[in-house]
Structure formats: structure tokens, C-alpha cells
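Examining the three-dimensional arrangement
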Amino acid sequence: MMMQILNGFKNGISDARHNVEMTEQPNGNNYCEVKVEQLNFYYGSKQALFNVDIEVKEKGVAALIGPSGCGKSTFLRVLNRMNDLIPGTRLEGMVTVHGEDIYDSSMDVVELRKKVGMVFQQPNPFPKSIYDNVAYGPRIHGLKNKIMLNQIVEESLIGGALWDEVKDRLHEPALALSGGQQQRLCIARALAVQPRILLMDEPTSAIDPIATQRIEDLIRDLCKEYTIIIVTHNMQQAARISDFTGFFFQGEMIEWGKTAQIFTKPEDQRTEDYITGRFG
Amino acid sequence: MRSITEKIMRVIFWLSGIAIIVFLTGILFTLLSNSIPAFTEIGIKPFFIEGLWRPGAYGEPTYSINNFIVGTFMVTLGALAFAVPLGVAAAAYLSEIASPWERELFKPIVEVLAGIPSVVLGFIGLVVLAPLIAKLFGIPSGINALNGAILVGIMALPTIITLAEDAITAVPSDYRHASLALGGTRWQTIWKVTIPAAFSGITAATMLGMGRAIGETMTVLMVTGNMIARPSSFLDSVRTLSANIAIDIGDVVFGSIHFHALFVVGLVLFLITFIINLLADILIHRKPEVNK
Amino acid sequence: MKLNRRKNIIAEWRGSELIGYWLLRLSLLLVLIILGFIIFDIFSKGIGVINWEFITAAPRVGMTEGGIFPAIIGTFYVTIITVAFAVPLGVAAAIYLNEYAIQGTFTRLVRMSLRNLAGVPSIVFGLFGMAVFVKLFGFGPSLIAAGFTLGLLTLPVTVTAAEEALITVPRAYRAGSFALGATRWQVVRTVVLPRAIPGILTGTILGLARAAGETAPILATGAAFFLPYLPDSIKSQFMALPYHLFIMSTQHHALAIVRPIAYGTALVLVTLVCILNLAAVLLRKRYRDRVAKGL
């Protein structure tokens, strides 16, 4: 059911996306959803990321861990070009999403951000109703049809595991929800524009443990359909929910591999020190 | 489609930003370009030498604004002489002593004072203050520089109070605590620590108050008598630069030398207030902005 | 509780220190007394002439009788034009400064120009309006020339208020909207502006109040001594409350006789301006409180 609607939505309003899908014939079977090569990133004269290489496969959860200020959030915002909004930032290297160079001059940032959704550290629903929050994305992308909007809102809220809690009060203010509910609403809001990839920047750091549990369950659910890249400073969380883990330290990607391997037998001494709690 | 809208909106907003600069420079340009015929016809010096403003005089019109500058500064300095101490003291009370509810109540009231139209203050000066001054000093009329100074001071008060209060409130409480912890009394702390620490802000407040006072038109027009002669005391009638424009603007012949001479007066007024405001601006924004 | 607190404050000020305390306290009190006196004087002497005819009739018998209706209407019209000019432009400039521009030398220059524009004497605006709107643009002395002149004068008020309102919109909303693929204008239109409306409204009201009370800029741009008819187009001259008060208190041939009318005009003007300012202050306090609560 959901996929039908998703497809309907795609075909109905997003021809551009359709074309993209036509053209992207994955090169062989080791196709990468996100591929970053020799990435250097600067805030003014201060370099924040050094020669980062990473390949994220389709579907599943990739976690980025590391001490605060290590560049993991900066890296995340490279992937949907949110860093463009900060004046004086500069980037070197190659970042491809779904086979496309996202820093190419022909890249439409709007299309990119439709494809790469983002959930923030602090839940940030707009000061609008629950319904309007979820419908926001489709609306700004030009969807006016009420019936389709209703369906997208419902499916997205189901996808965000919030539907049962809010279905009777869709038109109440989103800010009246609890912190955990607000964060799930933000996830639903991101789902409503039909992304392929979800970026999550410490999505549970501002909410309580029980709500965190629900969001972690949700992430495990969502990763069957979406590629999720999550930044977390909580190593247990990374171990619990991710398939792959990357360790960032002082702007460098120190180690990248299967989560089980990173947490049991890391190759780099610094990774081991961090994981065993010797610093951080 | 969407990117076209985006581009159009970007241009509209950019133009609106530019417009602000265009307006300010446009005012300066208008004043300058309309002054030039007067400068070429009369010269620059005759405006500033001792003499009288007699644009209508038969045969030999003169355009000296010398006395108006004197008048403007008499009214302005007289106004600041009482408005600055009073305003700073009131600001010190508001930020250092007043309880929260007093602040909540009094600050809007001060803003209301700022909102009283200058023509209303002029009216009060005319019907209330003038007879009072006449009686007090035993002179036939209270329409003089003193009256103007008092009213303009009242006009400048809200500016001074609001900005001085901001400056005093911005003093880090560490300073106060340090002083109090050393056994300083409240008065010593305010007088010796807080106010000196807020000095540049208070100076800026004074200067912006001064800018307002110099440019004030209707009040002085109504209560200072507007004589063109050189005043010798605060009990004399004076005419200010701004009042002079207001008096002549109504019936000046468009394009005449007199008309262009008025723009010279406007130019002088603009430059004086511009420099004062610029200095105040530099004072306020001197400290590097922490972040933005 | 409150009483105790007051006692404590005074207890902190012992002996000769009390002189200082009272000095500061009386300073504020004096300011309030001045304000109170002005309001009281105008109210007590003006209220007597206020009646239905005064508000709704035109001046009669050489302006010694009748009402001030044309002046009220004129002020209403001219402030509407002022706001129609200053608010869209002011909001757009604020959006440029706060949402679009990269903060740097140029925005500093714009902001500095804005602050200096705020300091330009009102009579200089009058000169500018006369030279540019009345003569150069050929509007003649009219509602539109005066409205534009007043619009320039109130522009700093509306830009500052709008910018303050934009700044209070949390950055997280913008980030959330951008991340969903909104363009900058969509972010501004759908997320930022709806939140900033109360602040923009405050600026509008402050601009209205400022424009309603100004006299000097309209002296030569359109205000008329007396008109037997109401303005019928934006090219018409008009009577205005502040200018009417100026005439009634200084220019009329029988000043003593029309004094009550002058007081009545002053009362109407002060009431109008005070209500507008008070509304703006209250509105601003409400949304500042809301922002402080993080809603």
C-alpha cells in the first residue's frame, strides 16, 4: 500500500526524479548509495575534515561516532549540502549520492535535499499543526491535491510510528507533542518527501531514554527501505542499531567497517581507545 | 519555475537593501545639488560670516546663518545640560535599583513620552511654560531660548534614558559584585564602577540625544520666538537652523536663490547631525561583535 | 513579601547613601511627572471641547468653530500611504539583511545608513520631499508626496522592528525547512514570515504613530492650512492633525479664541498616538514573552 502511494506520488509530481532513476544504472553490483572521495572541508581558513573516504551501501544503518568537535556532524551536513548555508565554507574532493556528483554546478540543491532527508539533534517541528508539518515538504514541492496530501500524511506518520498517537488530533499544534513525539514527527516530515537517504544528527540526544528506545526501533524498521546515516555520540546506540560504523577523530575518518568488527576488534589504536572509553 | 521565482525574490530583496543606502545618499545628493546654485551665486563664506538672514531684503539680500548656528547650539546645549544628568540618573535607577515590576511599568511609559508629537510639546511650551518663564524672570514674554531648551530636553529624554539604560544594563554584573564584595556601598558601586563602565554607551546616548535636539523642528519653531538677531542670553528669542527652514519653506519661490539657500541650511543641518550620529554609531559599535 | 523587599533595598542604603538613592529615584519620578503633567494638562483642558460635532464636523466661521474632521481624515489617509510605502519596503530590506545577505562590509554599510537615516532631522526630510516628490516627480503638494516623505522618515522604524522580529525566529525552523528541499524564498514565506508577523505588525503600528505625529516633513509637501473639502485623490492636498494644531496655536488670527479647539486637537492627536504606541508596546511584550518561553 505504502509503496503504491509512494510510486503514485513519484510518477505524478516528480518526473525529474523519475529521469534520475532511469539514468542511474549502477556500475556493476558493488553499487554505492553514497560515495565520498578525498573530502576536505574548511570553515574559512580552519580545516574541519581531512581526506575523508567513505562508501555507504544501499539500505541499512551507518553510524558515525567520535568525540564532540571531531567533524562528524559537519560530514553529515556535507551530504545534503546544508553547509552551503554557512558563509565562508569550502570543500574539496568528490561526493556522489546515487551516482551523481552533488557538488557539480549542475546539481539542483533542492532535488538533492528531497532525496536526502535530515533529522536534527533538537526536534524542530514548525510552529504549525501536526498535519501541516508533515504536509509541508510535499506542498513546497508543488503538491496541492488534498486526497494525495492526506494519504502522504497518513503514510508518513505511520512510517514515523506516530500515527496511532496523533490520528485524532492531526490539526493540533505540533509543539504540544512531547519531545520524543516531536522527533518522530520530524522523521515523518522527512519521510513525506520520499527521500532515499535519511541523515540523522544525534536524533536522540535531546530526549528521554524511553522515547530514545522507540526511535531506535523505528530506525531499525526504516532501514529496510531507506539508507540511514546517523551521527551519535552514544557508542552503545551505534552498536545497537548500525550495520556499519565510522570513527571520526580530529576531522579524519580513522576507521570504517562493519559495526561488529569496529566494536570487537578495531584496527586502529585510537578507535580502540575511544571505544574502551579512554577518551571522549 | 520555482528557481525563477527564487531569483526574482532575491533581486527584490537585494534592491530593498540597496534602497536604504540610495535614500541616505539621495538625501545628501539632493541637498548638495540644490545648494550649488546658491553657492555659485552667493559663495560659501557669506553663509557663515557674522550677519543676518535677510533673503527678502530689497537690493542687498543677505544669507548669514551664523546666528542660527548660535541659536541651535544654545537650545541644544541648554537641553542637554538638564536632560543628560536627569536621563542618566533615571536610567541608573531603572537598571540598578528598580524592582522588576517598576521596570515593566516605567519603561513603556518612557516610550510613550518618546511618542508625544513635537508639535504637542511646542503647544505646551506655548501655553504653559511660556507664561511660567515670563512670570519667573519678570520678563514680558517667555517665548525664548530657555523655553526651547527645556522642551527640547524633554524631547531628548526618552532617547537618553533608553540608550543609557541599555548601556548600564550591559555592564557585566561581575563588576558590581566585585565592588560590593570589597565592601563598596550601592551608591559607590553605581557612581564609581557601573556608570564609568557604561561611559561610552552613555556618551553615545548623549550624542544621539544631541542629534535629536539639533534636528528638532516644530517645538523650537513654536516656542523660541524665531528672531533673526544674535541672542545674548537664554532669555532672548532665538531662531534655529531647522526652524529657519520650516519658516521659509512654505512660501519660498521655487528655483530662487532663496530656495537654494534653504538647501544650504538643510545641508549644514544634515552634516552636523550626520557627524554626530556617525560618532555615536562608532562609539556604540566600537567593540567587535562577539559573533553573529 | 514585596514590602519586605522594598525595606531591604532601603536598608542597603544607609545614612548619606540614602541621598543618592533618592536622587536617582526622584530623577525618574521627575520624568514621569513631566509626562503626567503634559498628559493631564491636555486631557483636562481638551476634554471639554470633545463632542460628536468636534470629531465629525469641518471647521466653520474662519476656523473658530466647528470640528476637526478633515484633519482626522487627512492624517488617516497620509499615514495609510506612509505605511503602504514603508512597511513592504522595510520588511523586504529586513529580509535582505537577515535572510539573504552574507554578513559583511556591505550589510554593515546598509545598517549604518539605516541608523543615520533615523538621525536625519525631520525638516530635512521635508526639504527632500519638496525637491524630489513635489517638484522632481511632479506630484505637487499632495497626499502622496507627503506620504512618501513620511514613509522615508519611518523606514528605519519598520526595518528595525521587522529585523528584530526575524531574528527571534529560531534557526532550527529554517534548517528544518531547507533540509526538506525548500528554496530560500519558500523558507522565508512559509516558515519565517508567519512567525515574524506580530513583530512586523509592531513596526507597522510604531510607523503609523510616528507618521501621525510628524509636522515638519509635511509643511511643504502637501499639508494645507484649511480646505473646504475632503481630499478626493492621492494628488489632493490635505489637512492633518499635527499641522492643524500648529496653525491653531501659532498662525490663527484669533489665537485666544481658538485655544480650546487647539487643546481639543492636541487631545485627539495625543490620544491617537498614545494608543498606537501602547498597542505596539503591548504587542511586542507579548511576543517577546512568547519567544522567552520558547514557544
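If you tally the helices and strands in chain B, you get 12 helices and 2 strands. Along chain B, from the amino end to the carboxyl end, the secondary structure elements read α-α-β-β-α-α-α-α-α-α-α-α-α-α. Taking the principal axes of the C-alpha coordinates as reference, chain B spans close to 75 × 75 × 30 Å. The buried share among the 292 residues of chain B stands at 55%. The contacts in chain B between residues at least 6 apart in sequence include a share of 71% that link residues at least 24 apart. Summed over all atoms, the accessible surface of chain B reaches about 12700 Å², with 69% contributed by carbon and sulfur.

So, on to the interface of chain C and chain B. For an interface, size is often stated in terms of accessible area lost upon the parts coming together. Contacts between the two partners involve 88 residues from chain C and, on the opposite side, 79 residues from chain B. With both sides pooled, the region where chain C packs onto chain B buries about 7500 Å², and carbon together with sulfur makes up 79% of that total. Sorting the residues of chain C by area buried against chain B places C:L24, C:L28 and C:L127 first, and these three jointly supply 9% of that buried surface. Inspection of the region where chain C meets chain B yields 4 salt bridges. The residue C:R284 makes a salt bridge to B:E111 at a minimum N-O spacing of 2.8 Å. Within the side of chain C that touches chain B, the residues separate by chemical class into 57 nonpolar, 17 polar and 14 charged.

Moving on: the packing of aromatic side chains. Counted under the stated rule, the structure contains 30 aromatic pairs over all chains. Considering the side-chain rings of C:F133 and C:F139, the 6.5 Å spacing of their centres and the 10 degrees angle between planes classify their relative orientation as stacked. Here C:F133 falls in the buried class, since its relative accessible area comes to 6%. In this arrangement the basic side chain of A:R189 is found over the ring face of A:F126, its NZ or CZ atom lying 4.3 Å from the centre.

Glancing now at the environment of C:Y21. Relative to the elements of secondary structure, C:Y21 occurs in helix α2 (residues 17–46). With 156 residues separating them in the primary sequence, C:Y21 and C:S177 have C-alpha atoms 52 Å apart.

Residue and element names in this part refer to chain A. Counting buried residues along strand β8 (residues 227–231), 5 of its 5 residues qualify, which places the element largely inside the surrounding structure. Side chains T227, I229 and V231 project from β8 onto one buried face, and the interleaved I228 and I230 project onto a second face that is buried too. Examined bridge by bridge, strand β7 (residues 197–201) and β8 share 5 bridges and lie parallel to one another. Looking across to β8, one finds that L199 is bridged to I229.

Turning our attention to the pattern of salt bridges. Overall, the coordinates contain 26 salt bridges over all chains when judged by the stated rule. Residue A:R196 pairs with A:E58 through a salt bridge whose shortest N-O separation is 3.3 Å. Pair noted here: A:R196 is in the loop between α8 (179–191) and β7 and A:E58 is in the loop between β2 (46–57) and β3 (60–65), with a separation of 138 residues, a long-range link. On the basis of relative accessibility, which here comes to 35%, the residue A:E58 falls in the partly exposed class. Ionic pairing is found between C:K285 and B:E104, a salt bridge with its closest N-O pair at 3.1 Å. In this pair, C:K285 sits in helix α11 (residues 255–292) while B:E104 sits in helix α4 (residues 100–115), so the two residues belong to two different chains. Overlapping salt bridges bring together A:E33, A:E58, A:K59 and A:R196 as one network.

We now examine helix α8 (residues 186–197) of chain B. Residue and element names in this part refer to chain B. By the burial criterion, the buried members of α8 are R186, T189, I190, T194 and I195. When α8 is viewed along its axis, its buried side chains cluster within an angular range of 135 degrees and face the same direction. Within α8, the exposed residues directed more than 90 degrees away from the buried face are W191 and K192.

Another aspect to go through is the confidence of the model for chain B. Segments scoring low in pLDDT should not have their predicted coordinates read at a detailed level. Residue and element names in this part refer to chain B. For chain B, mean pLDDT is 89; residues scoring 70 or higher make up 97% of the total. Per-residue pLDDT, averaged within each element of chain B, yields its smallest value for helix α7 (residues 173–181) (83) and its largest for helix α5 (residues 118–137) (94). Note on residues 288–292: pLDDT is under 50 here. Beyond four places in sequence and across chains, it has 3 contacts.

Rules used in this analysis
- Residues numbered from 1 in each chain as written.
- Chains lettered and ligands numbered in written order.
- Predicted model: local features only at pLDDT ≥ 70, side-chain atom pairs only at ≥ 80, totals over all residues.
- Heavy atoms only, no water.
- Helix = DSSP H or I, 4+ residues; strand = E, 2+ residues; numbered from the N terminus.
- Buried < 20%, exposed > 50% of the residue type's maximum accessible area, 1.4 Å probe, protein only.
- Contact = heavy atoms within 4.5 Å.
- Areas by Shrake-Rupley, 256 points an atom, 1.4 Å probe, with all protein chains shown as cover.
- Buried area = accessible area lost by both parts, 1.4 Å probe.
- Salt bridge = Lys/Arg side-chain N within 4 Å of Asp/Glu carboxyl O.
- Nonpolar A, V, L, I, M, F, W, Y, C, P; charged D, E, K, R; others polar.
- Phe/Tyr/Trp six-rings, centres within 6.5 Å; stacked < 30°, edge-to-face > 60°.
- Lys NZ or Arg CZ within 6 Å of the ring centre and 35° of its normal.
- Pairing = 2+ DSSP bridges.
- Arc of directions from axis to C-beta.
- pLDDT = per-residue confidence, 0-100.

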